[in-house]
Amino acid sequence: MNIDGLMEKFGGNGISFEDYHGFPAVRMENEFSSTLVSVYGGHVIEFKLPECEDILWMSGKSLFANGSPMRGGVPVCFPWFGAAPEGKSGSHGCVRNAMWEVSAAGIAPEGGNFVTLYFKGEDFELYYTVTANYTLTLSLEVNNLGVADFHFGGALHTYFNVSDAEKIAIEGLHGVSFLDTVINENGIQDGALKIDREIDRMFRSCGSVRIVDPGYKRVIHIDKYGSDSTVVWNPWIDKSKRMPDFGDDEYHTMVCVEAGKVPRIGDGGVVHSGVPFELRQVIRVELLD
Ligand code: TA6
């Protein structure tokens, strides 16, 4: 459906539609925040609060091409995380590289706005509801369209905008075991996680995380539900140079904190027939004096 058709069907009450690099996108404007969600990929692009630096980070070198993922915002990684399984292609699943549909949009009961995007796969369907008020709530509902259990890997792969990656502290993971995929070794997190090298750690954690950012005088609180894996990633110098859709110096201003079900460190996700599964990430900003 084109932008005019989407406006006619869902526009109003803070909901509008616009072109974002050739794809239709939903803009949610309310008294709390301004949020942009691309229908391509079901990809949250922006979450802006007044008097606050952008919460989400987008690469200045992102691709915006059919069949390619966008770099930044919140890629929806599903139905696999990381390298593609036998017979499939592309890292982090297929749904971030395809058009979704808008199935609902309007005023959220809890205040602000919501949009629900729909994706139909071969043996699964997704209803992804993004709710924007003073918080950003990302709720991915997975339905199993078959009879047998549906096994998956996935994550809400959120890119956060930070003042200086070397000056932030990521709290909430003390004592948590992780797989460091850079050196392929297991470890236990000691205190807050600091970034002074390539970080690509899969934490066995169901808990909340905080990004303490003195430069932006804020703490980003990240809660999650339905997730046993928290992935923290910063590509640092060499990996940044190897990625064509990532600026060589962009690693200074971003960190990924991802809520997922990652089979490499856990059981992955299982969706029983007729029983919806929900993966949710909730983002809230606390301003410091
Ligand atoms: O965030 C964890 C990770 O799996 C990293 O290893 C890195 O590859 C990142 O995701 C980005 O993956 P992408 O396929 O989007 O380039």
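Residues numbered from 1 in each chain as written. Predicted model: local features only at pLDDT ≥ 70, side-chain atom pairs only at ≥ 80, totals over all residues. Heavy atoms only, no water.

S.K.: Provide a residue-level description of the nonpolar core, including the pertinent values.
M.R.: Phe78, Trp100 and Tyr128 are the most contacted members of the largest nonpolar core, which has 70 residues in total. Ranked by residues supplied to this core, first place goes to strand β8 (residues 124-132) with 5 residues. For tryptophan 100, the contacting residues outside a window of four places in its chain are Val39, Gly41, Gly42, Val76, Val95, Leu117, Tyr118, Phe119, Leu126, Tyr128 and Leu140. Of all hydrophobic cores here, the second largest spans 8 residues; its members include Cys77, Ala155, Val231 and Ile265. (Core = buried A, V, L, I, M, F, W, Y, C linked by side-chain atoms within 4.5 Å. Buried < 20%, exposed > 50% of the residue type's maximum accessible area, 1.4 Å probe, protein only. Helix = DSSP H or I, 4+ residues; strand = E, 2+ residues; numbered from the N terminus. Contact = heavy atoms within 4.5 Å.)

S.K.: Pulling in residues and values, what's your account of the sheet that holds strand β7 (residues 113-120)?
M.R.: On the basis of which strands lie adjacent, the open sheet formed by 8 strands has the order β6-β7-β8-β9-β22-β18-β17-β13 and antiparallel pairing. The open sheet has two edge strands with one neighbour each: β6 (101-107) and β13 (169-171). Each neighbouring strand pair of the sheet contributes to a mean axis angle of 15°, computed without reference to strand direction. Here 5 bridges tie strand β17 (residues 209-213) to strand β18 (residues 218-225), and the two strands are oriented antiparallel to one another. Considered in β18, the bridge of isoleucine 211 is made with isoleucine 220. (Pairing = 2+ DSSP bridges. Axes fitted to C-alpha atoms, helices over the stretch in contact; angles between N-to-C directions.)

S.K.: Describe the pairing of strand β4 (residues 43-48), listing the residues and the values that go with them.
M.R.: Both faces of the sheet carry side chains from a regular strand, because those side chains alternate between them. Counting buried residues along β4, 5 of its 6 residues qualify, which places the element largely inside the surrounding structure. Here strand β3 (residues 34-38) pairs with β4 via 5 bridges, running antiparallel. Its bridge partner lying in β4, leucine 36 is registered against glutamate 46. The turn linking β3 back onto β4 is made up of 4 residues, and glycine 41 within it adopts a positive phi angle of 80°.

S.K.: Any details on the site of the ligand? Residues and values, ideally.
M.R.: By nearness alone, every residue bordering the ligand is listed as Arg71, Ser91, His92, Arg96, His157, Asp200, Val231, Trp233, Lys239 and Glu258. Between the ligand and the protein, one listed contact pairs an oxygen atom with a side-chain N or O atom of arginine 96 at 2.9 Å. One of the side-chain nitrogen or oxygen atoms of glutamate 258 is found 2.6 Å away from an oxygen atom of the ligand. For the ligand, whose free accessible area comes to 390 Å², the fraction covered by protein is 83%. Among the residues making up the shell around the ligand, the classes are represented as 2 nonpolar, 3 polar and 5 charged. (Near = heavy atom within 4 Å. Polar contact = N/O pair within 3.5 Å; in protein donor to acceptor, adjacent residues only side chain to side chain. Areas by Shrake-Rupley, 256 points an atom, 1.4 Å probe, with all protein chains shown as cover. Nonpolar A, V, L, I, M, F, W, Y, C, P; charged D, E, K, R; others polar.)

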